[in-house]
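Inside the fold
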Amino acid sequence: MCEVGEDYRAPAGQPPPRPGREQKCVKCKEGLPVVVIRAGDAFCRDCFKAFYVHKFRAVLGKNRLIFPGEKVLLAWSGGPSSSSMLWQVLEGLSRDSAKRLRFVPGVVYADEGAACGQSPEDRAKTVAEARLVLQSVGFPWHIVALEEVFSLPPSVLRCSAREPVGTEGAYKAAVDSFLQQQHALGEEQQSLPCPPIRAGPPTASQTEALSTLFSSVETLTAKEELLRTLRTHLILHVARTHGYSKVMMGDSCTRLAIKLMTSLALGRGAFLAWDTVRLQAAQGPVPTLLAPFSTRCLLSRVAREAGGACDPPAGREGGGAVSWSAAGGRERCAPHPQGFSDERHGDVVVVRPMREHTLKEVAFYNRLFAVPSVFTPAVDTKAPEKASIHRLMEAFILKLQAQFPCTVSTVYRTSEKLVKAPRDGCAAGTPGPRCLLCMCVLDVDTADSATAFGAQTSSQLPQTQPPVAQAEAPTMSCCCTGMGGARHCCRTEEDPRACVIEQLCYGCRVNMKDLPSLDPLPPYILAEAQLRSQRAEAEQIQEYLLEDREDEDAQPGES
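I will try to describe carefully the structure that is included in this document. Along each chain, numbering runs from 1 in the same order as the chain's sequence is written. Per-residue local features are limited, in this predicted model, to residues with pLDDT of at least 70; the limit for side-chain atom pairs, both in listing and counting, is 80 or more; totals at the level of whole chains, interfaces and linings are taken over all residues. Computation of side-chain values: all heavy atoms of the structure, hydrogens and water removed.

**Remarks on the packing of helix H9 (residues 253-265) against helix H14 (residues 389-403)**
Contact geometry of H9 with H14 gives a least axis separation of 9 Å together with a crossing angle of 130°. By the angle between their directions, the pair H9 and H14 is classed as oblique. Of the two elements, H9 crosses H14, and the hand of that crossing is right-handed. Between H9 and H14, the residues in contact are Thr254, Arg255, Ile258, Met261, Thr262 and Ala265 and Ile389, His390, Met393, Glu394, Ile397 and Leu398, respectively. Of the residues assigned to the contact of H9 with H14, the class counts are 7 nonpolar, 3 polar and 2 charged. Axes here mean lines fitted to C-alpha atoms, for a helix over just the part in contact, with angles spanning 0 to 180 degrees between N-to-C directions. Segments assigned H or I by DSSP are reported as helices when at least four residues long, segments assigned E as strands when at least two residues long, and all are numbered from the N terminus. Any angle from 65 to 115 degrees is called roughly perpendicular, while one under 35 is roughly parallel, one over 145 is roughly antiparallel, and all others are oblique. The crossing is said to be left-handed when, going from far helix to near helix, the turn is anticlockwise and less than a right angle, and right-handed when the turn is clockwise. Should any heavy atoms of two residues lie within 4.5 Å, those residues are counted as being in contact. Amino acids outside the nonpolar list (Ala, Val, Leu, Ile, Met, Phe, Trp, Tyr, Cys, Pro) and the charged list (Asp, Glu, Lys, Arg) are all regarded as polar, and Gly is one of them.

**A closer look at unusual backbone geometry**
Of note in this structure, Ala370 is not a glycine but carries a positive phi near 55°. Considering the arrangement of structural elements, one finds Ala370 in the loop between helix H13 (359-368) and H14. Only protein chains enter the accessibility calculation, which uses a 1.4 Å probe. A residue is then buried if its area is under 20% of the maximum for its type, exposed if over 50%, and partly exposed in between. The exposed category is assigned to Ala370, whose relative accessible area is 60%.

**Some words on the pattern of salt bridges**
Every case where a carboxyl oxygen of Asp or Glu lies within 4 Å of a side-chain nitrogen of Lys or Arg is listed as a salt bridge. Counted by the stated rule, this structure contains 17 salt bridges. Notably, a salt bridge pairs Arg240 with Asp347, separated by 3.1 Å at the nearest N-O pair. In this pair, Arg240 sits in helix H8 (residues 220-241) while Asp347 sits in the loop between strand S10 (341-342) and strand S11 (349-351), placing the two residues 107 residues apart along the sequence. The salt bridge partner of Lys399 is Glu385, with a shortest N-O separation of 3.3 Å. One end of the pair, Lys399, is in helix H14; the other, Glu385, is in the loop between H13 and H14, with 14 residues separating them in the sequence. Taken together, the shared-partner salt bridges in this structure form one network comprising Asp111, Arg123 and Glu147.

**What about the nonpolar core?**
Leu146, Phe214, Leu230 and Val247 are the most contacted members of the largest nonpolar core, which totals 54 residues. For this core, the leading source of residues is H8, giving 10 residues. Not counting chain neighbours up to four residues away, the residues in contact with Phe214 comprise Ala115, Leu146, Lys223, Leu226, Leu227 and Leu230. Side-chain atoms within 4.5 Å link the members of a nonpolar core, which is a set of buried Ala, Val, Leu, Ile, Met, Phe, Trp, Tyr and Cys residues. Within the second largest apolar cluster, 43 residues are counted, among which are Leu93, Phe103, Val133 and Val349.

**Considerations on the packing of aromatic side chains**
When two rings of Phe, Tyr or Trp (its six-membered ring) have centres within 6.5 Å they constitute a pair, described as stacked for plane angles under 30 degrees, edge-to-face for angles over 60, and tilted for the intermediate range. In the structure shown here, the tally under the stated rule is 6 aromatic pairs. Ring centres 4.1 Å apart and planes at 5° place the aromatic pair Tyr52 and Tyr365 in the stacked group. With Tyr52 in helix H1 (residues 45-63) and Tyr365 in helix H13, this pair connects stretches of sequence that are 313 residues apart. When sorted by exposure, Tyr52 lands in the same class as Tyr365, which is buried. With a centroid separation of 4.8 Å and an interplanar angle of 40°, the aromatic rings of Tyr365 and Phe369 are classed as tilted. Through a chain of ring-to-ring contacts, the aromatic side chains of Phe48, Tyr52, Tyr365 and Phe369 assemble into a single cluster. Above the plane of the ring of Tyr244 lies Lys71, whose end atom (NZ or CZ) is 4.6 Å from the centre. Any Lys NZ or Arg CZ found within 6 Å of a ring centre and within 35 degrees of that ring's normal is scored as a charge over the ring.

**Observations concerning the state of the cysteines**
For this text, the term disulfide refers to a pair of cysteine sulfurs within 2.5 Å. Inspection of the entire model under this criterion finds 0 disulfides. Sulfur of Cys47: no disulfide; nearest cysteine sulfur belongs to Cys44 and is 3.4 Å away. For Cys47, a relative accessible area of 13% translates into the label buried.

Put into structure tokens, the structure is as follows:
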């Protein structure tokens, strides 16, 4: 077990031997090594490229989730991992490739300069650099600004029906049909250049609204979560608008391991299967995995490793462990060979083909083979290590990885086995309501006061009715008088913040505490929240109405 005062540094002695001229590649046993991935794993240039490409192709080939001829949108941020993913797809579609990729790619780049505080000149320079890279690739590309979230429709937050996944025979039939179609069209039409698709520049009012939104957020942790949510909504809208059924993200193995620990600290333990790996209902009796520590213990351990003391922010106490119990108390652990897709959005599936590559491998590959990338400042650029939970978790994992090289792989392989167990009431029926922001199923038990989610919900109920209103309650008339009252009764007279908060999961509720007012939020979020509330009111009122058929059947009996 890990102890606080224990020294984990390697004992003083001879440093590990570096690859010399007498050492050969561990793969071909002939070439001179140029890259050392792990201790004793020295690769030459050609073998390292084959090893790197094989990882990417194996993830796509093993899952067979992307069918031939399917339109796939590559989410490119300009960073190392997404740039490497873009180059892998470009090489896989070339004529010289041994096993060519058969899907139709497109690239989307989101300009987040307004949220990061960049000046218009710096934003124009960054977009120009991104345009040069996209033009060299030759794929259809879309450059969108983050300000466009203020013009999104509320339908972005709705889970559309997805076509059923085909079987193995259907995949093979799709491959044969695609090859015949390509042979009939000829190679000339396959290599036609695709024009770029770019929306108009954002208006000054949209830029000001986005800057106001992020400046009103009190903590850097909430800013990063809000930025990630808006970016996902924008990419999802672009994919649906242009007919893409899959979205490729460039999350590496290291990034997914950091995201796992960060989500656990943010109170998203119930949704780890959504945020890091593919959601799949556990079938049959499988062993269970309980959260072994709370958020306070986790952050305390992180702070000790980082060299300081840090207490979790208010409202996040126990979120790592409680959020697991809030969704049924436990997560199930089962073999999960296809853990690289996120199907929460329905008609658009998010896949992560770079999940087997570490950041070290990505950096070496980009350096050796001159993969272009674009540096874009983020929200946490130049921020101190303890400025946010994301930065703290990243420093913790990377420092631990430097001392124990198996840290990232161990954390990631553990997350790969997490499977969301369905609740008893929702296992056979349709899924319940979804979170307004992250679009995860609200698989929580608000009636269970033993959980933090239930305690938080019950503590907020008296706040929606001030003491003055409670004193005047007998003299006030209710629209549902005589019907026993309703949960959403007289919603128009209540605080609109409660209308939005009650439609969020535990993690999103905690993040919204750092946003004093919900007015700066994009209109599509507030509109969808109002539509859901009105729909819930209509359903509850419908329960008290008699159907016409029942009245007609009752009349002959009475006569």
